[in-house]
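# Chain and residue survey
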Amino acid sequence: MNTSEQLFLLLAEELNFTRAAERAFISQQGLSDHIRRLEKHYGTALLTRRPRVALTPAGAAVQKKLLAELYLEKDLQGRLKEIQSGAVGSICFGINSTRAQTVIPSIFKDYHARYPNVQVELVLDETNNMLRLLEQGRLDCCLGVNPILTSPQCAQRVGDEKLYLIAAASYLRQYLDFDPDRSTGRHLELCDFSGLPVAGNNSGSTTHSYLNSYLEMKGVSVKKFFASSDYNVLTQLCRTGDIAAFLPQFFLPGALSGNAVLPQERQLYALPLNEMGAPLHVGLIYNDTADPPQFIRGFRACVQEHLQQQYAKLARLEQEQRAYILP
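Presented here is an overview of the structure given in this document. Quantities reported herein were computed from a predicted structural model and do not represent experimental measurements. (Residues numbered from 1 in each chain as written. Predicted model: local features only at pLDDT ≥ 70, side-chain atom pairs only at ≥ 80, totals over all residues. Heavy atoms only, no water.)

## Section: the overall build of the protein
Applicable threshold: The numbering of helices and of strands both runs from the N terminus, where a helix is a DSSP run of H or I of at least 4 residues and a strand a run of E of at least 2. Here the radius of gyration uses the C-alpha set of atoms, whereas the globule reference equals 2.2 Å times the residue count to the power 0.38. Buried residues are those whose accessible area, probed at 1.4 Å on protein chains only, stays under 20% of the maximum for their type, while exposed residues exceed 50% and partly exposed ones sit between those limits. For this analysis, residues touch if any pair of their heavy atoms sits within 4.5 Å. Counting rule applied: Lys, Arg positive; Asp, Glu negative; His and chain ends not counted. Charge placement uses NZ in Lys and CZ in Arg. For Asp and Glu, CG and CD serve respectively.
Along the backbone of the protein there are eleven helices and eleven strands. Against the 2.2 N^0.38 benchmark of 20 Å for 327 residues, the protein shows a C-alpha radius of gyration of 33 Å, more extended than a compact globule. In terms of its C-alpha atoms, the protein occupies a principal-axis envelope of roughly 105 × 45 × 30 Å. When burial is assessed residue by residue, the protein has 46% of its 327 residues classed as buried. The long-range share in the protein, meaning contacts at least 24 apart out of those at least 6 apart in sequence, stands at 75%. The averaged location of the 33 negative side-chain charges in the protein is 8 Å from the averaged location of its 33 positive side-chain charges.

Here it is in structure tokens:
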């Protein structure tokens, strides 16, 4: 908007040449010259001077147009300031599909309240695939398990998880002659599942690689008839009693919480693989390069904050479901 247009809006507000000139810190003659130039530009009178200053219909139309431009310009300036401050943009975040169902709703609600003008896009994939996308610049950050990093990737550890082998009561009775409600003094071990049907993660996952190495080291060979990295699918499959499955600690409370409304034969029991310690290291991974916008740093902080809170609840939830943890 040029000076003549700005002065016209000021005069249209005051409808008085003296007051408008004083507010603009120019002479009345200078103000009149600007208005005449603007009227010449539009080819019509914008104001009547006598008996008092008033907008003509053309002047009112020009005022409406210029005010709309002024508001658009102010909005643009505000958005540019937000962009410069890192409050507007988009972020692409990678995560396992089941973890997304568990953590994203609470994270997004909090993050959206802090950064309402940022769009979040999810990529649901395995850790190794997400690391490649991160390397290609197609992800801003991801949540991965036991990542093998390459420069300039780095990871902030958010939690460590144990692994469990889960199975329905009907599975335990059929394959192991083990009744979880009546067994006293008998302890199951991973080797008891040798030769039995067990489901695991997809072959491209880091959890699958770790489990394979561990089973080989322990000399345990199971029959893997099914593979999925969707832990909700594995949980529901186990309830059929036809197969057992490996499950990270993060998903155990959700799996066992369904027992309350199911018949005993479909209730799940969990065998902790204590010899493995805490083999799954979960980290927030990103490229450690130039300083990212504030909204990306804020997203990382929000993910870390919410996950640390959820990991803090794991021990308490596991204790509440102790009846379904096999000794």
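Having put the structure on the table, let's press on.
## Focus on the packing of helix α1 (residues 3-14) against helix α3 (residues 28-42)
In plain terms, the rule: What counts as an axis is a line fitted to C-alpha atoms, over the stretch in contact for a helix, and the angles between N-to-C directions run from 0 to 180 degrees. Throughout this description, any angle smaller than 35 degrees is read as roughly parallel, any larger than 145 degrees as roughly antiparallel, any in the 65 to 115 degree range as roughly perpendicular, and the remainder as oblique. Put simply, Ala, Val, Leu, Ile, Met, Phe, Trp, Tyr, Cys and Pro go in the nonpolar bin, Asp, Glu, Lys and Arg in the charged bin, and everything else, Gly too, in the polar bin.
Axis separation between α1 and α3 bottoms out at 9 Å; the angle between their running directions is 110°. For the element pair α1 / α3, the angle class is roughly perpendicular. Of the residues in α3, those in contact with T3, S4, E5, L7, F8 and L11 of α1 are L31, H34, I35, R37, L38 and Y42. Split into classes, the residues belonging to the contact of α1 with α3 amount to seven nonpolar, three polar and two charged.

## Describing the sheet that holds strand β8 (residues 198-199)
What counts is decided by this rule: DSSP calls a pair of strands paired once it identifies at least 2 bridges connecting them.
The four strands are arranged β8-β9-β7-β10 in an open sheet whose pairing can be described as mixed. The outermost strands of the open sheet, each flanked by one partner alone, are β8 and β10 (268-272). Where strand β7 (residues 163-168) lies against β10, five bridges are found, and the strand directions are antiparallel. Each bridged residue has a counterpart across the sheet, and for A168 the counterpart in β10 is L268.

## A look at the packing of aromatic side chains
Worth spelling out the cut-off: Stacked, edge-to-face and tilted are the three classes for Phe, Tyr and Trp ring pairs, Trp counted by its six-membered ring, which pair at centre distances within 6.5 Å; planes under 30 degrees apart are stacked, over 60 edge-to-face, the rest tilted.
Applying the stated criterion to the full structure yields nine aromatic pairs. Ring centres of F93 and F299 lie 5.0 Å apart, and the angle between their planes is 70°; on these two criteria the pair is classed as edge-to-face. With F93 in strand β3 (residues 89-95) and F299 in helix α11 (residues 294-320), this pair connects stretches of sequence that are 206 residues apart. F299 shares its class with F93; the two are buried. When the centroid spacing of 4.6 Å and the interplanar angle of 45° are considered together, the rings of Y171 and Y175 count as tilted.

## Brief notes about the pattern of salt bridges
What counts is decided by this rule: Salt bridges are counted wherever a side-chain nitrogen of Lys or Arg sits within 4 Å of a carboxyl oxygen of Asp or Glu.
Under the definition given, this model contains twelve salt bridges. As a salt-bridge pair, R23 and E13 come within 3.4 Å of each other at their nearest N and O atoms. Here R23, found in helix α2 (residues 17-24), pairs with E13, found in helix α1; they are ten residues apart in sequence, far enough to count as distant. The closest approach of N and O atoms between R19 and E14, which form a salt bridge, is 3.0 Å.

## Comments concerning the environment of E318
By the element assignment, E318 lies in helix α11. For E318, a relative accessible area of 10% translates into the label buried. Along the backbone, E318 and S97 are 221 residues apart, and their C-alpha atoms lie at a distance of 23 Å. Dropping the residues within four chain positions of it, E318 is found in contact with K162, Y164, Q249 and I325.

## Describing the pairing of strand β11 (residues 280-287)
Counting buried positions along β11 yields six of eight residues, so the element is predominantly enclosed. As judged from the four bridges shared by strand β5 (residues 141-145) and β11, these two strands associate in the antiparallel manner. Its bridge partner being in β11, V145 is matched across the sheet by V282. Of the pairings in the sheet, the one linking strand β6 (residues 153-161) to β11 comprises eight bridges and is antiparallel in character. Each bridged residue has a counterpart across the sheet, and for R157 the counterpart in β11 is G283.

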